[in-house]
Amino acid sequence: MCIRDRDCAGLNAVISSVVKAASQKNWEVYGIHNGTDGITEKPHSYEILTVHNFSDSPWPRLSGSYLGSINKGVRLESVDEMSRKFAIGVKELGLDALIVIGGDGSMNIVSNYCRGSMVKMIGIPKTIDNDTPITEFSVGFQSAVEVCTNAIDSLVWTARSHNRAIIMEVMGRDAGHLAMHSALAGQADVCLVPEIPYRIDGVINRLKEIKASGRNYAVIVVSEGIKTEDGSHLSDRKNMVGEAVYGGIGQYLCDQISSRYKEFQTRVTTLGHIQRSGVPVAFDRLLATVFGAKAVELIDQDEDNKMVVWKNGKVAVSYTHLTL
């Protein structure tokens, strides 16, 4: 079992489900520490997982990652070099199959590694961004929506007390699912997402409508991945694998609105990594349980390069979109 990408609520419940299902088949489960680092680095870092790790433990009910995780892509080494190290690690550990828990980027990276090592791979979608294709929901998304919605509820009262328009910046990268779901649930006044262009004047016009109605406060939810008004990225910063580094769009909007409209004091709240924390909601625990059990079932059926998904209200299976 290998976890890539960031942690989220519900992740540990997935691990617990896999271990319980595998134990019924008397399989030995290796929990790989820190994603593929535990396989590619020497000495290898892993632990044998049994039901005793979780049966009398709070871990399935906790956020974070029992095994640790990474989101560093392929580091500064080439894909070929990382694939070579991965294949050696798989052979030395004697792995027959790998369950990868992560987003689409993580599964894409590891599926390439697995092809070079001839080890079977089953994917479980896990991301608060909910941007993994094919599946309607990924583990962690609903819990993050709950955190964001609760934050909106809290911000409403302080906004009302101080006659303010408060901008809440949430995660999501290039997908607006987290912003849109929480904005609708929290009855925010404005929601900006990467998929839909916007104008600052349009936001201000909405604030004017609110003011004219007699209300003295507003809440604006924005996704971290939206661009500036002219369609450019706020920053050209990249991480070590060339992905855009987001953050700060909330303050940009605050400055733009404040300079053009003075009837509200405008302030910013950036939730940050609190969105990955909290107690996993019931739906994420449900996904975790059925996804973990289904992944073990697929391995037992000698399946490969498949991803468990949630479609039409039930668990299903799909070829990963990564090889289509």
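Please read all numbers here as calculations on a predicted model, not as lab measurements.

*Asks:* Looking at this structure, I do not really get the overall build of the chain. What am I missing?
*Replies:* Across its full length, the chain holds nine helices and 11 strands. A compact globule built from 324 residues should have a C-alpha radius of gyration of about 20 Å, and the chain, at 22 Å, falls within 12% of that. Dimensions along the principal axes, computed over C-alpha positions, put the chain at roughly 65 × 40 × 35 Å. Split into buried and exposed, the 324 residues of the chain put 51% on the buried side. Looking at the chain as shown, the accessible area adds up to about 14600 Å², and 48% of this sits on carbon and sulfur atoms.

*Asks:* What exactly am I supposed to notice about the packing of helix α5 (residues 141-162) against helix α6 (residues 177-185) here?
*Replies:* Two measures define how a pair of helices packs: the angle their axes make with one another and the distance between the axes. One can describe the packing of α5 onto α6 by two numbers: an axis separation of 8 Å at closest approach and a directional angle of 50 degrees. Taken together, the axes of α5 and α6 are oblique relative to one another. Every pair of crossing elements has a handedness; the one defined by α5 and α6 is right-handed. Between α5, through F141, A144, V145, C148, T149 and I152, and α6, the contact on the second element is made entirely by H177, L178, H181, S182, A183 and A185. Per-class residue counts for the contact of α5 with α6 are eight nonpolar, four polar and no charged.

*Asks:* I tried to follow the sheet that holds strand β8 (residues 218-223) on my own but got confused; where do I start?
*Replies:* Strand pairing in a sheet relies on backbone hydrogen bonds, with the paired strands running either antiparallel or parallel. In space, the four strands of this open sheet follow the order β7-β8-β6-β9, with parallel pairing throughout. Single-partner strands in this sheet number two, and they are β7 (190-192) and β9 (265-270). On average, adjacent strands in this sheet sit at an angle of 20 degrees to one another, irrespective of strand direction. Across six bridges, strand β6 (residues 164-170) lies against β9 in parallel orientation.

Rules used throughout
Residues numbered from 1 in each chain as written. Predicted model: local features only at pLDDT ≥ 70, side-chain atom pairs only at ≥ 80, totals over all residues. Heavy atoms only, no water. Helix = DSSP H or I, 4+ residues; strand = E, 2+ residues; numbered from the N terminus. Rg over C-alpha atoms; globule rule 2.2 N^0.38 Å. Buried < 20%, exposed > 50% of the residue type's maximum accessible area, 1.4 Å probe, protein only. Areas by Shrake-Rupley, 256 points an atom, 1.4 Å probe, with all protein chains shown as cover. Axes fitted to C-alpha atoms, helices over the stretch in contact; angles between N-to-C directions. Parallel < 35°, antiparallel > 145°, perpendicular 65-115°, else oblique. Left-handed = near helix turned anticlockwise from the far one by under 90°. Contact = heavy atoms within 4.5 Å. Nonpolar A, V, L, I, M, F, W, Y, C, P; charged D, E, K, R; others polar. Pairing = 2+ DSSP bridges.

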